[in-house]
Amino acid sequence: MRIPLVAGNWKMYKTAAEAGEFVQQLKTLLKDVQGVEVAVCPPFTALYAVARELAGGKVALGAQNMHWEEEGAYTGEVSPKMLKEAGCRYVILGHSERRQYFQETDQMVNKKLKAALKWGFVPIVCVGEQLAEREAGKTAAVVAGQMEKSLDGLNSEELAGVVIAYEPVWAIGTGRTAQPEDAQQVNSFIRELLAARAGRPAADKVRILYGGSVKPENIASLMAQPDIDGALVGGASLQADSFAAIVEGSRLRGRA
Ligand code: 13P
């Protein structure tokens, strides 16, 4: 049984003060929610303020990025040890914006992923094609390449604990959601790649999320797909009511 996961990726939005206020609202809206795991991933500067508000509740904390070293001369970076102390359970790795604007490669994602597992985080590894790649019929090849290199060297047990987020780059922040059937096709392909690598039992445990213009209006049709196990939400996670509505729409409905 895969428990759905809905994670809000706040990107570079909300100061610590704004974040604290937001989480108070969110906690009230989600206080009775069941059958879904929920996480928020604020900017680094808001982690402690958000952790304070979330303490003892159901909503978990995540980070948007992480360096692979425990410490060192890496100006501007944040380490697994620091995120652990801040109370993070999840960490997003290889988001397309990191790949696009900060030259993050699959090899770097792989190092980060190994560090994340070593430190006991639940990593959310992002993969997805750009518009030109989709139009050229290269979606499967691109996703397979990202999976292969990012997950290199992990054993079946480690793989079973990873979360994958399929985020087609053309659907991010554009209002252009992938058709649920198209997202399902890629998510199911990702599960087959995992099965080939780690065996069916491990692959069946992995939660594969969809991300890209997820809204309260489209969450139900996405979650109706058998291989979509939750959502990584950007814009719509910044308002407490829309994020809570997405969480509500993702609740467990007896998936395999
Ligand atoms: P949007 O929900 O704003 O399209 O962003 C998706 C995303 O990038 C989540 O990581």
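Conventions and cut-offs
- Residues numbered from 1 in each chain as written.
- Predicted model: local features only at pLDDT ≥ 70, side-chain atom pairs only at ≥ 80, totals over all residues.
- Heavy atoms only, no water.
- Near = heavy atom within 4 Å.
- Polar contact = N/O pair within 3.5 Å; in protein donor to acceptor, adjacent residues only side chain to side chain.
- Nonpolar A, V, L, I, M, F, W, Y, C, P; charged D, E, K, R; others polar.
- Phe/Tyr/Trp six-rings, centres within 6.5 Å; stacked < 30°, edge-to-face > 60°.
- Helix = DSSP H or I, 4+ residues; strand = E, 2+ residues; numbered from the N terminus.
- Buried < 20%, exposed > 50% of the residue type's maximum accessible area, 1.4 Å probe, protein only.
- Lys NZ or Arg CZ within 6 Å of the ring centre and 35° of its normal.
- Contact = heavy atoms within 4.5 Å.
- Salt bridge = Lys/Arg side-chain N within 4 Å of Asp/Glu carboxyl O.
- 1 Å grid on protein atoms, 1.4 Å probe; cavity = no way out; pocket = protein on both sides within 12 Å on 5 of 7 lines; lining within 4 Å.
- Points joined across faces, edges and corners; volume = space filled by probe spheres on them.
- Pairing = 2+ DSSP bridges.
- Axes fitted to C-alpha atoms, helices over the stretch in contact; angles between N-to-C directions.
- Core = buried A, V, L, I, M, F, W, Y, C linked by side-chain atoms within 4.5 Å.

> Quick one: what's the story with the site of the ligand, residue by residue and with numbers?
Surveying the vicinity of the ligand reveals the residues Asn9, Lys11, His95, Glu167, Ala171, Ile172, Gly173, Gly212, Ser213, Leu232, Gly234 and Gly235. With respect to the ligand, the backbone of Ser213 contributes an N or O atom lying 2.7 Å from an oxygen atom. Contact between the ligand and Gly234: an oxygen atom at 2.9 Å from a main-chain N or O atom of the residue. The class makeup of the residues in the shell around the ligand is 3 nonpolar, 7 polar and 2 charged.

> Report on the packing of aromatic side chains, specifying residues and quantitative values.
For the coordinates displayed, the defined rule picks out 3 aromatic pairs. Look at Trp10 and Phe22: their rings are 5.1 Å apart centre to centre, the planes differ by 85 degrees, and that puts the pair in the edge-to-face class. Note that Trp10 is positioned in the loop between β1 (5–9) and α1 (16–29) and Phe22 in helix α1, a separation of 12 residues in sequence. Taking relative accessible area as the criterion, Trp10 reaches 0% and is therefore assigned buried. Phe22 sits in the buried class, given a relative accessible area of 4%. Residue placement shows Lys84 over the ring face of Phe121; its charged tip is 4.6 Å from the ring centre.

> If you had to explain the environment of Ala19 to someone new, which residues and values would you point to?
Within the secondary structure, Ala19 is located in helix α1. Counting along the chain gives 219 residues from Ala19 to Leu238, while the straight-line C-alpha distance between them is 9.4 Å. Apart from residues lying up to four places away in sequence, Ala19 is in contact with Trp10, Lys14, Ala46 and Val50.

> Before we move on, could you go through the pattern of salt bridges and cite the residues and values that matter?
Overall, the coordinates contain 16 salt bridges when judged by the stated rule. A salt bridge links Arg134 to Glu129; the shortest N-O distance between them is 2.7 Å. Since its relative accessible area comes to 25%, Arg134 is described here as partly exposed. A salt bridge links Glu148 to Arg197; its shortest N-O distance comes to 3.8 Å.

> Provide a residue-level description of the layout of surface pockets, including the pertinent values.
Empty space within the largest pocket amounts to approximately 470 Å³. The wall of the largest pocket is formed by 13 residues, among which Lys11, Met12, Gln64, Arg98 and Phe102 lie closest to the centre. When residues in the lining of the largest pocket are grouped by element, the largest group, 3 residues, is from helix α4 (residues 96–101). Counted by class, the lining of the largest pocket contains 5 nonpolar, 5 polar and 3 charged residues.

> Which residues make up the sheet that holds strand β8 (residues 230–233), and what values do they have?
The strand order β1-β2-β3-β4-β5-β6-β7-β8 describes a closed barrel built from 8 strands, whose pairing is parallel. The mean inter-strand angle of the sheet, taken between neighbouring strand axes irrespective of direction, is 25 degrees. With 4 bridges connecting them, strand β6 (residues 163–166) and strand β7 (residues 207–211) associate as parallel partners. Its bridge partner being in β7, Val163 is matched across the sheet by Arg207. Each of β5 (122–127), β6 and β7 is contacted by helix α9 (residues 180–198), which is oriented at about 150 degrees to β7, the strand it contacts most.

> Now, about the nonpolar core: what can you tell me, with residues and values included?
Core analysis: the biggest nonpolar cluster contains 69 residues, and Val50, Leu83, Ile164, Ile190, Leu194 and Tyr210 have the highest contact counts within it. The leading source of residues in this core is α9, at 6 residues. The residues contacting Leu194, other than those within four sequence positions of it, are Met147, Leu151, Leu159, Ile164, Gly199, Ala203, Val206 and Ile208. Counting residues in each nonpolar core, the second largest holds 14 residues, with Ala7, Ala39, Cys41 and Ala60 among its members.

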